[in-house]
Amino acid sequence: MLCERCKKNMATVFQEEVINGKAVSYCLCKSCYAEMFGSLNSAVSGDILAGLFGSATKRRKTVCPVCGMSYAEFERTGLLGCPACYDVFKDELLPYIERIQGKVEHVGKVNVNSKEQDLTQQLRGLQEDLEKALRNGENAEAQKIYADMADVIKRMQGKEEQ
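Quick look at the structure, then. Note that the structure is predicted; figures quoted are calculated from it, not measured.

Quick look at the environment of Glu116
Okay, step 1: Within the secondary structure, Glu116 is located in helix α7 (residues 114-135).
Okay, step 2: C-alpha separation for the pair Glu116 and Arg155, spaced 39 residues apart in sequence, amounts to 9.1 Å.

Structure representation (structure tokens):
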């Protein structure tokens, strides 16, 4: 089969992607694929996510203190070493997760415990606000947030007893 783009070389790469809900497929030669999507060298050398994460010059020297995995190693393998890696590499991961999934918040099916999930989400938001207030030395604001957290926890405990 000839390359759909140049119509000269044999197609060796078959690319399929979904654009605006429609599947689009390409049958391309290696050089046309490289021009359209980037070089194949990254996939061959094991740097599977190079196109997604950018070049090696952008890599940070961050290392997870729990498992010792570096961000560069994550880029190379696409796998994180432990749950702590998500926190350590959060700033680097969020833009890519958003680009891949569209959102960084989990939006799943609403189930029977949706009120409990809402309270849990509210509690997480208050916890982040509390940490931010404490870091900034805003003690009065921190006390107010702490009181709000106590109210949410009481509502959660009342839900469990029913």
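Concerning the pairing of strand β1 (residues 13-19)
On a regular strand, one side chain projects to one face of the sheet and the next to the other, so that they alternate.
Okay, step 1: Here β1 runs beside strand β2 (residues 22-28); their pairing, made up of seven bridges, is antiparallel. When the bridges of β2 are listed, Gln15 appears paired with Tyr26.
Okay, step 2: Once β1 ends, the chain turns through two residues before running back antiparallel as β2, passing Asn20 with a positive phi of about 50 degrees.

Comments concerning the packing of aromatic side chains
Okay, step 1: Under the counting rule described, the total for this entry stands at two aromatic pairs.
Okay, step 2: Aromatic pair Tyr71 and Phe74: ring centres 5.8 Å apart, planes at 40 degrees, arrangement tilted. With a gap of three residues between them, Tyr71 and Phe74 both fall in helix α4 (residues 71-77), about one helical turn apart. Of the two residues, Tyr71 and Phe74, both sit in the buried class.
Okay, step 3: Summarising the aromatic geometry, the rings of Tyr71 and Phe89 are spaced 5.6 Å apart at their centres and angled 55 degrees between planes, so their arrangement reads as tilted. Highlighted residues: Tyr71 in helix α4 and Phe89 in the loop between α5 (83-88) and α6 (90-101), separated in sequence by 18 residues. The exposure classification of Tyr71 matches that of Phe89, with both residues buried.

What about the nonpolar core?
Note that soluble globular proteins tend to have their nonpolar side chains buried in a common cluster.
Okay, step 1: Judged by nonpolar contacts, Leu119, Leu123, Leu126, Leu130, Ala133, Ala142, Ile145, Met149, Val152 and Met156 together constitute the single largest core of 10 residues.
Okay, step 2: Those elements that place two or more of their residues in this core are α7 and α8 (139-161).
Okay, step 3: When residues no more than four places from it in sequence are discounted, the contact partners of Leu126 are Ile145, Asp148, Met149 and Val152.
Okay, step 4: Ranked by size, the runner-up nonpolar core spans eight residues in total, among them Met69, Tyr71, Cys82 and Phe89.

Calculation criteria
- Residues numbered from 1 in each chain as written.
- Predicted model: local features only at pLDDT ≥ 70, side-chain atom pairs only at ≥ 80, totals over all residues.
- Heavy atoms only, no water.
- Helix = DSSP H or I, 4+ residues; strand = E, 2+ residues; numbered from the N terminus.
- Pairing = 2+ DSSP bridges.
- Phe/Tyr/Trp six-rings, centres within 6.5 Å; stacked < 30°, edge-to-face > 60°.
- Buried < 20%, exposed > 50% of the residue type's maximum accessible area, 1.4 Å probe, protein only.
- Core = buried A, V, L, I, M, F, W, Y, C linked by side-chain atoms within 4.5 Å.
- Contact = heavy atoms within 4.5 Å.

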